[in-house]
Amino acid sequence: MQDPLDALVVGGGPAGLTAALYLARFRRRVMVADAGQPRAAWIPASHNIPFFADGIPGPEILARQREHLSRYRVPVIGRIVALARQGRGFVATPEAGPPIRARHVLLATGAVDVEPDLPDLPDAVRRGLVRYCPVCDGFESRDRRIAVIGHGAQGAAEALFLARSYAEDVTLLTLGRPMEMDDAMRARLARHRVRVVERPVVGLDERDGRISALRLDGEELRFDILYSALGLRYRTQLAEALGADRDAKGALRVDEGMQTSVPCLYAAGDVVAGLDQIVVGMGHAAIAATRIHNACAPRTGEEG
Ligand SMILES: Cc1cc2nc3c(=O)[nH]c(=O)nc-3n(C[C@H](O)[C@H](O)[C@H](O)COP(=O)(O)OP(=O)(O)OC[C@H]3O[C@@H](n4cnc5c(N)ncnc54)[C@H](O)[C@@H]3O)c2cc1C
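Structure report, in brief. Values in this document were obtained by computation on a predicted structure and should not be read as measured data.

## Description of the site of the ligand
Taken together, 33 residues are adjacent to the ligand, and Asp34, Gln37, Arg39, Ser46 and Ile278 come closest. Looking at the shell around the ligand, its residues break down into 15 nonpolar, 11 polar and seven charged.

## Some remarks on the pairing of strand 2 (residues 30–33)
For a regular strand, side-chain orientation follows a simple rule: the groups alternate between the two sheet faces. Every second residue of strand 2 is oriented toward a common face, with Val30 and Val32 on one face and Met31 and Ala33 on the other, all of them buried. In the sheet, strand 1 (residues 5–10) pairs with strand 2 via four bridges, with the strands oriented parallel. Of the residues in strand 2, the one forming a bridge with leucine 8 is methionine 31. One crossover worth recording links strand 1 to the parallel strand 2 by way of helix 1 (residues 14–25), and it is right-handed. For the segment spanning strand 2, helix 2 (residues 58–70) and strand 3 (residues 76–77), crossover handedness is right-handed.

## Examining the state of the cysteines
In this structure the tally under the stated criterion is one disulfide. Two residues, cysteine 133 and cysteine 136, share a disulfide whose sulfurs are 2.0 Å apart. Judged by the sign of its S-S torsion, about 70°, the bond between cysteine 133 and cysteine 136 is right-handed. A residue is classified by how much of its surface remains accessible, and cysteine 136, at 28% relative accessible area, is partly exposed.

## A short note on the packing of helix 4 (residues 153–165) against helix 5 (residues 183–191)
Here helix 4 crosses helix 5 at 25°, and the two axes come no closer than 10 Å. Relative to helix 5, the element helix 4 lies roughly parallel. When the axes of helix 4 and helix 5 are compared, the crossing they make is left-handed. Taken together, the residues of helix 5 that come into contact with helix 4 (itself represented by Ala156, Ala157, Ala159, Leu160 and Arg164) are Met185, Arg188 and Leu189. Of the residues contributing to the contact of helix 4 with helix 5, the split by class is six nonpolar, no polar and two charged.

## So, the sheet that holds strand 8 (residues 145–149)
Strand order in the open sheet formed by four strands is 10-9-8-14, with parallel pairing between adjacent strands. Only two strands of the sheet have a single neighbouring strand rather than two, namely strand 10 (195–197) and strand 14 (225–228). Across the sheet, the axes of successive neighbouring strands diverge by a mean angle of 25°, strand direction being ignored. Sheet analysis places strand 8 next to strand 9 (residues 169–173), joined by five bridges and oriented parallel. By the bridge assignment, alanine 147 is partnered in strand 9 with threonine 171. Lying over the sheet, helix 4 contacts strand 8, strand 9 and strand 14, oriented at roughly 175° with respect to strand 9.

Parameters at a glance
- Residues numbered from 1 in each chain as written.
- Predicted model: local features only at pLDDT ≥ 70, side-chain atom pairs only at ≥ 80, totals over all residues.
- Heavy atoms only, no water.
- Near = heavy atom within 4 Å.
- Nonpolar A, V, L, I, M, F, W, Y, C, P; charged D, E, K, R; others polar.
- Buried < 20%, exposed > 50% of the residue type's maximum accessible area, 1.4 Å probe, protein only.
- Helix = DSSP H or I, 4+ residues; strand = E, 2+ residues; numbered from the N terminus.
- Pairing = 2+ DSSP bridges.
- Right-handed = clockwise from strand over helix to strand, strands pointing away.
- Disulfide = S-S within 2.5 Å.
- Axes fitted to C-alpha atoms, helices over the stretch in contact; angles between N-to-C directions.
- Parallel < 35°, antiparallel > 145°, perpendicular 65-115°, else oblique.
- Left-handed = near helix turned anticlockwise from the far one by under 90°.
- Contact = heavy atoms within 4.5 Å.

Written out as structure tokens, the structure reads:
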């Protein structure tokens, strides 16, 4: 069997591809495994990535990163279906091909947005009808009429963020569920004139490629932009099987070097608790890759 890799990076989104680039440039034996479903691919055009003042679509970010990495001849394979401890390192089982041994594993497996349950609305994000990230594109929503779908602390926080930062006309829609919040949050929403609507949506209208109205029982709400704030499902199955700690929302907990509670298992990007942003994931990746490099055994002929 071949010598173990210095590092296996699981996930080929912005975080994983950045980690692999750093490790390749540290001249480490690294491989990327990617199942090909990055959240980044949903971004129509991002305007908060430094160096791209005119905006850059998510698929182009990924294509540029892949092209950059290809110059270092880093192998890229498909999905990893299982990860187990082997000695002080790991053995990963890919969907196809032989098992892979690695001294370190970096999980950059990302997260999936919880889709709102709206009538007749397939592929809402792909078609740009629903937005997910006010930190990303709230600036483009300024002074518009905004609706936010959510029924818990996250929905209330996103509605408040938009009302405080960008717009005076913000409505929080719970889609028929009772709003879960304490009196203090209810008072803050009222102070920022966020309207809370707890009735179910029975229909919607689309016009010019956007949702222009939601029909409630006996009322129609008109607005310009709809955000969903129902949270994320973190792709943590591989880490869970190894017993890695997660926070209350299910994201992986890491130390200041991006190591999980499992020795030699690192994590970066959306799968880690924090601000789910590309530059943040890239920052995580740079830290994790450098820690892995410094933790690795010296190369043959190199002094320790
Ligand atoms: C509509 C929308 C707009 C957004 N706009 C912006 C923006 O303007 N600016 C910004 O900074 N952020 C934006 N974001 C957030 C951004 O997309 C994420 O923060 C970013 O994609 C996270 O990168 P990541 O590498 O952690 O995860 P991802 O991009 O999700 O990549 C994770 C990869 O890991 C793979 N994977 C998972 N499990 C396995 C496995 N077992 N084996 C192999 N591979 C696996 C997945 O298939 C995927 O390819 C937006 C998100 C959405 C949905």
